[in-house]
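Here are the chains, one letter per residue:
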Number of protein chains: 2
Amino acid sequence: MAPTLPSRPRAILIDLAGVLHVGDQPVPDSLEALRRLRASGLPLRFLTNTTRSPRSAIVALLQGMGFDIGEDEIQTAVHATRQYVESRWSRPHYLAHPDIAAEIGHSFSNPDVVVLGDAGPYFTFERINEAFRLLVGGLPLVAMARNRYFKEHDGLTIDMGAYVAALEYAAGVQATVVGKPAAPFFLGALSELGVAPAEAVLIGDDLRDDIGGAQSAGVAGILVRTGKFRPEDENDPDIHPALVVDDFASAVERILEN
Amino acid sequence: MAPTLPSRPRAILIDLAGVLHVGDQPVPDSLEALRRLRASGLPLRFLTNTTRSPRSAIVALLQGMGFDIGEDEIQTAVHATRQYVESRWSRPHYLAHPDIAAEIGHSFSNPDVVVLGDAGPYFTFERINEAFRLLVGGLPLVAMARNRYFKEHDGLTIDMGAYVAALEYAAGVQATVVGKPAAPFFLGALSELGVAPAEAVLIGDDLRDDIGGAQSAGVAGILVRTGKFRPEDENDPDIHPALVVDDFASAVERILEN
């Protein structure tokens, strides 16, 4: 059963791209709607699945569009991975992009877990082989995401999921993925707020990664008809949002009505 | 049904490592047995699944042990791949190790197929992304092998199968593998000799990659109890060699008896 909207939510999770903004433009009415939501006093967390940008860069982009959002309010796949790893292991070996080094902390020489981010050009043979040897030595594999590719200015670019697949195949292991739509991504954000999944609401534009992921973690999802939304999402056989509304402003209105 | 031994074979395929030699030592009696087989006038092909060494390096190793074997008689995964690719496409894009560049020929700027070898340290992000873009653009993927790892002096090392898995996952394609145990490996060697699979015999020590592969291609296999052979290979539920003998010398004796 899909979770139903709590009558008095205690926290709101808000996907960023496609909900608050598209590219570098705010979605119409979203700036004003966020101000109204803030005025209610509800704790907020803003979600993005990036595995390359530090939170400071995301905040700079949002503030440039006029959104008043602080670094501590942002849940990224990078931050969720750090939360997940620190709660279970003590000496991670990271293979990730240098841009996020400050967010994840350093690697240990006698590691107890291998953690993969999107290292991009830093996925050298030597680094991959180093991770492989740790995995065949018995360490578990945690991955920030397993996306296949993304779009860059000069065309599609291979994403970190390919390297997750490579290491899984060679070492005969199965990675635990932390980014959306995996449960740890949503649960990590809520645990910082001390709020249970059934007391929270998510607002997202991606039926599978936002709504499906959140609802699998027990968080009711409101789907907005902006960003990645496609009309057929309203009749999906598997994923049934708790509510579908036109945009972020409508979602805020429904939440504050209660 | 597994193929049966032809009464008068017209060609013999002989796996190298584990059959003629182990490491840099000839298997006992194999030098003399090869001389006797040569004297029969039967055409021979020697098989190795290497995707990094050129045939000249393999011949140098064999001649150092006293085996009189020429480059033209050796079937490698590299050579089999070139045969396979040239028979189907005209403008390959190669991602492979520079050591085998002379054996495979050069890459074309407007390619019609992507061909993967074991590039090792030359598997850079840029080269992998270049191959990925060609694959999402619709080109087929051919791989010399899909081994998971191999042993080096300082430990296990990730093998090219990991990169095959990475590209398959990211581009949503399925590679055609040419090296052992794939049929093109055996059929390529036989087609150079103009001999049909049912007229040939293979001698190998690896139940799955030698015997299973050859027999799937229609070539009867003789398993020797040297090299990778394990006693349980004689009772495998799936792969039934046409004959099992102690070593290469015994295999030659049985072939020349007929």
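Residues numbered from 1 in each chain as written. Chains lettered and ligands numbered in written order. Predicted model: local features only at pLDDT ≥ 70, side-chain atom pairs only at ≥ 80, totals over all residues. Heavy atoms only, no water.

**Structural notes on the overall build of chain A**
And then number 1: Scanning chain A from N- to C-terminus turns up nine helices and 14 strands.
And then number 2: The C-alpha radius of gyration of chain A comes to 19 Å, within 12% of the 18 Å expected for a compact globule of 258 residues.
And then number 3: With the C-alpha coordinates of chain A rotated into their principal frame, the extents come out at 55 × 40 × 35 Å.
And then number 4: Burial status across chain A gives 54% buried among its 258 residues.
And then number 5: At a minimum sequence separation of 6, the contacts of chain A that also span at least 24 residues come to 62%.
And then number 6: A total accessible area of about 11,000 Å² is found for chain A, and carbon and sulfur atoms account for 49% of it.
And then number 7: Charge-centre separation for chain A: the mean point of 22 positive side chains lies 4 Å from the mean point of 34 negative side chains. (Helix = DSSP H or I, 4+ residues; strand = E, 2+ residues; numbered from the N terminus. Rg over C-alpha atoms; globule rule 2.2 N^0.38 Å. Buried < 20%, exposed > 50% of the residue type's maximum accessible area, 1.4 Å probe, protein only. Contact = heavy atoms within 4.5 Å. Areas by Shrake-Rupley, 256 points an atom, 1.4 Å probe, with all protein chains shown as cover. Lys, Arg positive; Asp, Glu negative; His and termini not counted. Charge placed at Lys NZ, Arg CZ, Asp CG, Glu CD.)

**Examining the pairing of strand E7 (residues 113-116) of chain B**
All names here are of chain B.
And then number 1: Across the two faces of E7 the burial is the same, with Val113 and Val115 and Val114 and Leu116 all buried.
And then number 2: Across four bridges, strand E6 (residues 92-95) lies against E7 in parallel orientation. Within E7, the position partnered with tyrosine 94 by the bridge is valine 115.
And then number 3: Bridging between E7 and strand E8 (residues 141-143) involves three bridges; their strand directions are parallel. (Pairing = 2+ DSSP bridges.)

**Examining the environment of glutamine 83 of chain A**
Residues and elements named next belong to chain A.
And then number 1: Looking at where glutamine 83 falls in the secondary structure, it is placed in helix H3 (residues 77-86).
And then number 2: Glutamine 83 sits in the buried class, given a relative accessible area of 18%.
And then number 3: Separated by 63 residues in the primary sequence, glutamine 83 and leucine 20 place their C-alpha atoms 25 Å from one another.
And then number 4: Among the polar contacts made by the side chain of glutamine 83, one reaches the side chain of glutamine 75 at a distance of 3.0 Å. (Polar contact = N/O pair within 3.5 Å; in protein donor to acceptor, adjacent residues only side chain to side chain.)

**Examining the interface of chain A and chain B**
And then number 1: Taken together, the contact pairs 29 residues of chain A with 29 residues of chain B.
And then number 2: Contact between chain A and chain B buries roughly 2,500 Å² in total, counting both sides, with carbon and sulfur atoms accounting for 62%.
And then number 3: It is Phe125, Ile158 and Tyr169 of chain A that lose the most area in chain A upon contact with chain B, and together they represent 29% of the buried surface on that side.
And then number 4: The interface formed by chain A and chain B includes two salt bridges.
And then number 5: Notably, a salt bridge pairs aspartate 154 of chain A with arginine 133 of chain B, separated by 3.1 Å at the nearest N-O pair.
And then number 6: Counting across the interface, chain A meets chain B through 14 residue pairs in polar contact (both at pLDDT 80 or more).
And then number 7: Of all the secondary-structure elements, those providing two or more residues to the side of chain A that touches chain B are helix H5 (125-136), strand E10 (155-158) and helix H6 (161-171) of chain A. (Buried area = accessible area lost by both parts, 1.4 Å probe. Salt bridge = Lys/Arg side-chain N within 4 Å of Asp/Glu carboxyl O.)

**What to know about the packing of helix H3 (residues 77-86) of chain B against helix H7 (residues 183-193) of chain B**
All names here are of chain B.
And then number 1: Packing of H3 against H7 brings their axes to within 9 Å, and their N-to-C directions diverge by 75°. Taken together, the axis directions place H3 and H7 in an arrangement best described as roughly perpendicular. For the pair H3 and H7, the contacting residues are Ala77, His79, Ala80, Gln83 and Tyr84 in the first and Pro184, Phe185, Gly188, Ala189 and Glu192 in the second.
And then number 2: Per-class residue counts for the contact of H3 with H7 are six nonpolar, three polar and one charged. (Axes fitted to C-alpha atoms, helices over the stretch in contact; angles between N-to-C directions. Parallel < 35°, antiparallel > 145°, perpendicular 65-115°, else oblique. Nonpolar A, V, L, I, M, F, W, Y, C, P; charged D, E, K, R; others polar.)

**Observations regarding the sheet that holds strand E13 (residues 220-224) of chain A**
All names here are of chain A.
And then number 1: Strand order in the open sheet formed by six strands is E5-E4-E1-E12-E13-E14, with parallel pairing between adjacent strands. Unpaired on one side and paired on the other, strand E5 (74-76) and strand E14 (243-245) mark the two borders of the sheet. This sheet shows a mean twist of 25° between the axes of neighbouring strands, independent of strand direction.
And then number 2: The sheet contact formed by strand E1 (residues 11-15) and strand E4 (residues 44-48) spans four bridges and is parallel. Note on E4: the bridge partner recorded for isoleucine 14 is phenylalanine 46.
And then number 3: Packing of H3 onto the sheet brings it into contact with E4 and E5, and relative to E5 it is tilted by some 80°.

**Points about the nonpolar core**
And then number 1: Membership of the largest hydrophobic core comes to 112 residues, with the highest contact counts inside it found for Leu116 and Leu167 of chain A together with Leu116 and Leu167 of chain B.
And then number 2: Residues within four places of leucine 167 of chain B in sequence aside, it is in contact with Ile158 of chain A together with Leu116, Ile128, Ala131, Phe132, Leu135, Leu141, Gly172 and Val173 of chain B. (Core = buried A, V, L, I, M, F, W, Y, C linked by side-chain atoms within 4.5 Å.)

**A few points about helix H1 (residues 30-39) of chain B**
Residues and elements named next belong to chain B.
And then number 1: Ser30, Ala33, Leu34 and Leu37 are the residues of H1 that are buried. The buried residues of H1 occupy one face: seen down the axis, they fall within an arc of 100°. Exposed side of H1, more than 90 degrees from the buried face: Arg35 and Ala39 are the residues found there.
And then number 2: The inward-facing, buried residues of H1 abut strand E1 (11-15), strand E3 (25-26), strand E4 (44-48) and helix H9 (248-257). (Arc of directions from axis to C-beta.)

**Details of the relation of the copies chain A and chain B**
And then number 1: The transformation that overlays chain A on chain B combines an axial shift of 0.0 Å with a rotation of 180°, and the residual RMSD is 0.0 Å. Look at the turn and shift together and you get a two-fold axis relating the two. The C-alpha atom lying nearest the rotation axis in chain A is that of alanine 166 of chain A; the distance is 2.4 Å.
And then number 2: Same-surface contact between copies: 100% of interface residues of chain A are shared with the interface of chain B. (Least-squares fit on C-alpha atoms with pLDDT ≥ 70 in both.)

**A short note on the pattern of salt bridges**
Residues and elements named next belong to chain A.
And then number 1: Applying the stated criterion across every chain, the model contains 36 salt bridges over all chains.
And then number 2: Note that arginine 55 is salt-bridged to glutamate 103, the shortest N-O span being 3.7 Å. With arginine 55 in helix H2 (residues 55-64) and glutamate 103 in helix H4 (residues 101-104), this pair connects stretches of sequence that are 48 residues apart. Here arginine 55 and glutamate 103 have matching classes, each one buried.
And then number 3: Three or more residues joined by partner-sharing salt bridges are found here, namely Asp15, Lys180 and Asp210.

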